[in-house]
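# Notes for the structure review
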Amino acid sequence: MITRHRDILLFLGMALLLILVGVFQSWQLALTIFNLCVISAVMSIGVNVQWGVAGMFNVGTMGFAALGGLAVVLFSAPPVTEAWSLGGPGLLVAFVTALVTVIAYIFAKGYFNDAQYRWMILFGIVVVGFYITQRFFFPAVAAIEGFDAVKYGNIGGLGLPTPVAWFGGALLAGLVAWPVAKLTGSLRTDYLAVATFGISEIVVAVLKNEDWLARGVKNISGLPRPVPYEVDIRALEWIQNLATSMDMSARDMSSIVVKLCYAGLFLVVLALVYWLTETLQRAPWGRMMRAIRDNEDAAMAMGKDVEGRHRQAFVLGSAIVGIGGAMLVTLDGQFTPGSYQPLRFTFIIWIMVIVGGSGNYRGAILGAFVIWFAWIQAETGGAWVAGLLAENLTEGSAARDVIEESAAYLRYVVMGLILILVMRFAPHGLIPEKTHTRVGN
Amino acid sequence: MIGGYGGSPILNGCTISVDRGEIAVVVGPNGAGKSTAMKAIAGMLNLTSGNVVLAGKSITTLPTQMRVKAGMALVPQNDNIFPTMTVRENLDMGALLSRDTAAQTMKEVFDLFPILAEKRNQIAGQLSGGQRQQLAMGRALMTRPTALMLDEPTAGVSPNVMDEMFEKIRGVAELGLAVLIVEQNAASALEVADIGYVLVEGRNRFTGSGQDLLNDPETRRSFLGAHS
Amino acid sequence: MTDILNALVHLTNLMILPGLAYASQLALGAMGVTLIFSVLRFSNFAHAETMSLGTAFCIIVTLWFQQLGISFGFLPTALLALPFAIVLTAIFLILSDRMVYRHFRRRNAKPEIFMILSSGIMLIINGMTRLLVGPKGRIIDDGERFLVTAREFKEWSGLAEALVIKNTVVLTIIIAIFICSVLFWFLKNTETGKSMRAYSDNRDLALLSGVDPERIVFITWILVAVLATLGGVLFGLDKGYRPFVFQQLLLPVFAAAVVGGLGNQVGAIVGAVVIAFSEIGLTFAWKRFFSYLLPADLEPTSMMQILSTEYKFAVSFTILVLVLLFKPSGLMGGSQR
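For clarity, every value in this text was computed on a predicted model and none was experimentally measured.

Calculation criteria
Residues numbered from 1 in each chain as written. Chains lettered and ligands numbered in written order. Predicted model: local features only at pLDDT ≥ 70, side-chain atom pairs only at ≥ 80, totals over all residues. Helix = DSSP H or I, 4+ residues; strand = E, 2+ residues; numbered from the N terminus. Buried ≥ 20, exposed ≤ 12 C-beta atoms within 10 Å, placed from the backbone. Contact = placed C-beta atoms within 7 Å. Rg over C-alpha atoms; globule rule 2.2 N^0.38 Å. Pairing = 2+ DSSP bridges. Axes fitted to C-alpha atoms, helices over the stretch in contact; angles between N-to-C directions. Parallel < 35°, antiparallel > 145°, perpendicular 65-115°, else oblique. Left-handed = near helix turned anticlockwise from the far one by under 90°. Right-handed = clockwise from strand over helix to strand, strands pointing away. Core = buried A, V, L, I, M, F, W, Y, C linked by C-beta atoms within 7 Å. pLDDT = per-residue confidence, 0-100. Domains from an automatic or database assignment. Nonpolar A, V, L, I, M, F, W, Y, C, P; charged D, E, K, R; others polar. Expected span 1.5 Å × (residues − 1).

Another aspect to go through is the overall build of chain B. Helix and strand counts for chain B stand at 10 helices and 11 strands. The dimensions of chain B, computed from C-alpha atoms along their principal axes, are 50 × 40 × 30 Å. With 228 residues in all, chain B has 43% of them scored as buried. Partitioning the intrachain contacts of chain B with sequence separation of at least 6 by distance along the chain shows that 68% fall at a separation of at least 24.

Now the structure itself:
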């Protein structure tokens, strides 16, 4: 009973903090923070599926978030028809030949058992397949990138509505996660961590360099959004009335309304994801995952397909992270491969999961809110405090400069300290995982 | 001693002791807590209650490496050598605590286990099972212990090598050490034992001289016959 | 004949020497990672940042020395500052061990826990280095830049291609070889070194041989401080110091350690060489080299670059992933733990 109340109290406390931000700083800031918290919550749930439930140490969250963002481009951006006609066919052929090569490889690997020949055949398949694929791939890519490189230089997308793109984010992330899980499934923890870290870096490197895909570091902006534009609604009568009644400009009010629309959408997604994962948790699937996590050797001895289960958790968790990455790109309205840094997309999510309480989804959500709030406020709040302190020091003095510069970097120190302190003194996090023996209620 | 690995205790109040120059053997069914008792004496798991006394001094609160300094040595059943180091280096490790007498002790170890002298520059991981056991014992002896504990020294060893092993163990005891052995091959072990302890479910069940236990019908029936 | 010489000089100048220098820096980093893995039994995500921290300390001391007017002649002043930087880094590492890792070590925590903790330490060092040195970084390379300049070489050899020998490159290679030799000697011949090897081979048995685990841990962190600081400073002298550059070193360093076999010191060096030369070789424009060697009509027209330089970082990650997938114990075989 008390623990149930504790959870609610913690969430209420979080809400209170956000309201305070709205009152004392600005409502726009509060809503911005809120929206990013929700997105981070979705990503935390994804990580929690892998770590808290399945005990897998995936340090490649960044890559899957990036793939989610890519999906938004590929699914919802308008197609660049000219580029498609120039390079599309070649690209498709290359894709097909690559797929055929992979299938032939897998088939040959299983079919030929004689080690001597097998090596040669596999090598031959790879070489031939590679040669054919690249003969179609490179000219197609050159054609695409050559078309109006300043404005486009990429293939664009399918022009589908944004929520479809979010689902596409899950799909794309899951599709990539599956072979990754298959290949890394047998690796030990250390190696799994390093491998996933490396793979996520490769994914981001590819996104940064393959301009034909998503313009690489030239970035794509102006991505379609599922909510109205501020400029469009500013002139609406009810906006104007609301603005004057709240003593704000119409511009501010329209901005707030748009953010609220996003918030609504994001909350729906969060609720869906939460419902899905909680249901799985209570189902036999969840029980089995916990059993495997708690005693893998025993589970294997009982004949459970441990690797298969791990794979499922990996794919599911990555797909959820993909949704989060997709939502983020839609919110930003632009896809910036260069912004995918391990610190921001991998380690911070980990801190959220651990601080919130790994092993349960409510904890993941709360952790996301708390840590993201701390991260943002460490910057704005820190700058504000620094500003207050610096007011007392003369302009341009060395100390003032140091304080102003330091605020940004102290964030990292604070985050690291939070992580270590929580692991040391409160390893179960804010919302500990309840052991599923029901006592009383 | 009372203790275990956390959860329910494995040792439920058993007592084992051995004097210098004697061989004590601990036997019992699987899960009786034989290896656990040995690990507890070595300090590799915590006792809920009880104490460990060596040559009159209590070593209960000391960590493992300090107990070794005090004169206790353990040869674990598995993982009992340093696989990437040579035979010579393995023995050197044992000599860490008694550097000045190292050369002399090594000579004694080589006398006791001539095969080790032969293969002294070989990587320990490449030795056969029986040779490893000898090396493991040699390493323990290099620490010049007053009490030597052996956890199933004949596990996975062929029968004739087993006899040889017990011969060597007797030789070690004759050097003046107190030797404590945990064994599955109860019958053979009790033959060389001065004292035998039968442990069942973490408690002393029978205690007596090796010969007495061998001849006692109850011990024979209850588990000496259970082993093939 | 001159063509062959030109080709060789070109290759040495732009690939072999830089490759050796980079390999030396990676080797120093990888040996630290592998040492932590074999003794402390976890992958230290904070290692690249540790190298950065050591370099940051070195920069501060160097700047202080430069202000005091101390210099080292034709060698960089940073070399004088090195011992101080090593001491400061060692203090930090030992403190972080006492306050963070030791608690969990005593409870036999799982390796994932240590990795998460090390990422926390990574974040802390991240902030610390920027606070110490500022985000923009510094260049502390003073003293003579070049041992042999392009002009000097061309005059001496009469070749079209010049072999430029930078001070820092020579320093890096010499210091790396020296430190590696010392480390290997230490591990093989000294009692502490043997105890460390024993401890990483079989922890329980080491305890049963009277080895004091806390002392081993202490010595390990000191060695790590030496390796990381040296590697970082040499890298910083070579390429200039900017904090984020070290973040990008994390994967190549880990790649080198894993490729060689985590836990295997020789493997760390082998892995470093593989990674360094792969990165440079796969993004190298081979055109000029081949044009010297091939007759005129066979000369290549394209730049003959296998991968664009933007993919340089991806090379080490890809090699790492490939090794993990096909031979996780590495080329030389790592410790199994």
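To continue, consider the overall build of chain A. Looking only at helices and strands, one finds 17 helices and 0 strands in chain A. Relative to its length of 441 residues, chain A is compact, with a C-alpha radius of gyration of 24 Å against a globular reference of 22 Å. For chain A, the spread of C-alpha atoms along the principal axes amounts to about 75 × 60 × 50 Å. A burial count over chain A gives 44% of its 441 residues as buried.

Residues and elements named next belong to chain B. An order of 2-1-4 is seen for the 3 strands of this open sheet, with the pairing classed as antiparallel. One side of each edge strand has no neighbouring strand; the edge strands of this open sheet are strand 2 (11-12) and strand 4 (47-49). Bridge count for strand 1 (residues 2-3) against strand 2 is 2 bridges, and the pairing is antiparallel. Each residue of the ladder has a partner; that of Ile2, found in strand 2, is Asn12.

A separate point is the packing of helix 1 (residues 2-40) of chain C against helix 11 (residues 250-260) of chain C. All names here are of chain C. Two elements in contact, helix 1 and helix 11, have axes whose closest approach is 8 Å; the angle formed by their N-to-C orientations is 65°. By the angle class used here, helix 1 and helix 11 are roughly perpendicular. Two packed elements cross with a definite hand, and for helix 1 against helix 11 that hand is right-handed. On helix 11, the residues touching Leu26, Ala27, Gly29, Ala30, Val33 and Thr34 of helix 1 are Pro252, Val253, Phe254, Ala256, Ala257 and Gly260.

Right, let's talk about the environment of Ala291 of chain A for a bit. Summarising the element assignment, Ala291 of chain A is placed in helix 12 (residues 284-294). Along the primary structure Ala291 of chain A and Asp190 of chain A are separated by 101 residues, whereas in three dimensions their C-alpha atoms are 22 Å apart.

The next point concerns the sheet that holds strand 9 (residues 178-182) of chain B. Residue and element names in this part refer to chain B. Read across the open sheet, the 6 strands follow the order 7-8-9-3-10-11; overall the sheet is mixed. Among the strands making up the open sheet, the edge pair consists of strand 7 (72-75) and strand 11 (203-208). Strand after strand, the sheet turns through a mean of 20° between neighbouring axes, direction not considered. The sheet contact formed by strand 8 (residues 147-151) and strand 9 spans 5 bridges and is parallel.

A few words now on the pairing of strand 8 of chain B. Residues and elements named next belong to chain B. Of all 5 residues making up strand 8, 5 are buried, and the element is well covered by its neighbours. Burial along strand 8 is two-sided: Ala147, Met149 and Asp151 facing one way and Leu148 and Leu150 facing the other are all buried. Relative to strand 8, strand 7 runs parallel, the two being bridged by 4 bridges. Each residue of the ladder has a partner; that of Ala73, found in strand 8, is Leu148. The parallel pair strand 8 and strand 9, bridged by helix 7 (residues 159-174), forms a crossover whose chirality is right-handed.

This part is about the nonpolar core. Generally speaking, nonpolar side chains in soluble globular proteins are found buried as a group. By size, the foremost hydrophobic cluster in this structure holds 287 residues, and its most contacted members are Val42 of chain A together with Leu320 of chain C. With 17 residues, the single largest contributor to this core is helix 2 (residues 27-53) of chain A. The residues contacting Val42 of chain A, other than those within four sequence positions of it, are Val269, Leu270, Val273, Ile320, Ile323, Gly324 and Met327 of chain A. Judged by nonpolar contacts, the second largest core, of 13 residues, contains Val80, Phe136, Phe137 and Ile155 of chain A.

A few words now on the pairing of strand 11 of chain B. Residues and elements named next belong to chain B. Where strand 10 (residues 195-200) meets strand 11, 5 bridges bridge the pair, whose relative direction is antiparallel. What sits directly across from Val200, in strand 11, is Arg203. Hairpin remark: strand 10 followed by strand 11, antiparallel, with 2 residues in the connecting loop; positive phi at Glu201, about 50°.

Our focus in this paragraph is the confidence of the model for chain A. Per-residue confidence for chain A averages 82 on the pLDDT scale, and 90% of its residues sit at or above 70. Low confidence marks residues 436-441 of chain A, where pLDDT is under 50. Its contacts with residues over four positions away, or in another chain, come to 1 contact.

The subject of this paragraph is the domain arrangement of chain A. All names here are of chain A. By the assigned domains, chain A splits into domain 1 (2-79 + 156-425) and domain 2 (80-155). For domain 1 versus domain 2, the separation of C-alpha centres amounts to 33 Å. On the domain 2 side, the residues contacting the 7 residues of domain 1 number 10 residues. Along the lines of polarity and charge, the residues of the side of domain 1 that touches domain 2 split into 4 nonpolar, 1 polar and 2 charged.

A few words now on the interface of chain B and chain C. The interface is formed by 22 residues belonging to chain B together with 15 residues belonging to chain C. Mapped onto the side of chain B that touches chain C, the elements with two or more residues apiece are helix 2 (64-70) and helix 3 (87-94) of chain B. Looking at the side of chain B that touches chain C residue by residue, the classes come out as 11 nonpolar, 6 polar and 5 charged.

With that settled, the discussion passes to the interface of chain A and chain C. On the chain C side, the residues contacting the 32 residues of chain A number 34 residues. Secondary-structure elements contributing two or more residues to the side of chain A that touches chain C are helix 7 (189-209), helix 15 (342-356) and helix 17 (398-425) of chain A. Take the side of chain A that touches chain C: its biggest share by element is 14 residues, from helix 17 of chain A. In terms of residue class, the side of chain A that touches chain C is made up of 22 nonpolar, 5 polar and 5 charged.

Residue and element names in this part refer to chain A. At a minimum axis distance of 9 Å, the contact between helix 2 and helix 15 shows a crossing angle of 75°. By the angle class used here, helix 2 and helix 15 are roughly perpendicular. In contact with Ser40, Met43, Ser44, Val47, Asn48, Trp51 and Gly52 of helix 2, helix 15 contributes Ile349, Trp350, Met352, Val353 and Gly356. Here the contact of helix 2 with helix 15 is built from residues that sort into 7 nonpolar, 5 polar and no charged.

A few words on helix 7 of chain A. Along its 21 residues, helix 7 of chain A runs 30 Å from first to last C-alpha, staying within 8% of the 30 Å computed at 1.5 Å per residue. Among the 21 residues that make up helix 7 of chain A, 18 are buried, leaving the element largely enclosed by the rest of the structure.

Let us now look at the arrangement of the chains. Contacts are most numerous, across the 2 pairs of chains in contact, for chains A and C. Looking at chain A next to chain B, you find no contact at all, with the nearest C-alpha pair sitting 15 Å apart.

This paragraph deals with the confidence of the model for chain B. The predicted model of chain B averages 82 in pLDDT, with 96% of residues at 70 or higher. In the model output, the complex is listed with pTM 0.86 alongside ipTM 0.86.

This paragraph deals with the environment of Pro159 of chain B. The residue Pro159 of chain B is located in helix 7 in this model. In this structure the C-alpha to C-alpha distance between Pro159 of chain B and Ser188 of chain B, which are 29 residues apart in sequence, comes to 9.8 Å.

Located in the positive-phi region is Ala55 of chain B, a residue other than glycine, with phi close to 50°. Along the chain, the position of Ala55 of chain B falls in the loop between strand 5 (53-54) and strand 6 (57-58).

The next subject is the environment of Leu328 of chain A. Residue and element names in this part refer to chain A. Within the secondary structure layout, Leu328 lies in helix 14 (residues 306-332). Residue classification places Leu328 among the buried positions, given that 24 C-beta atoms sit within 10 Å. Along the backbone, Leu328 and Pro179 are 149 residues apart, and their C-alpha atoms lie at a distance of 25 Å. Those residues in contact with Leu328 that lie beyond four places of it in its chain are Ile39 and Gly69.

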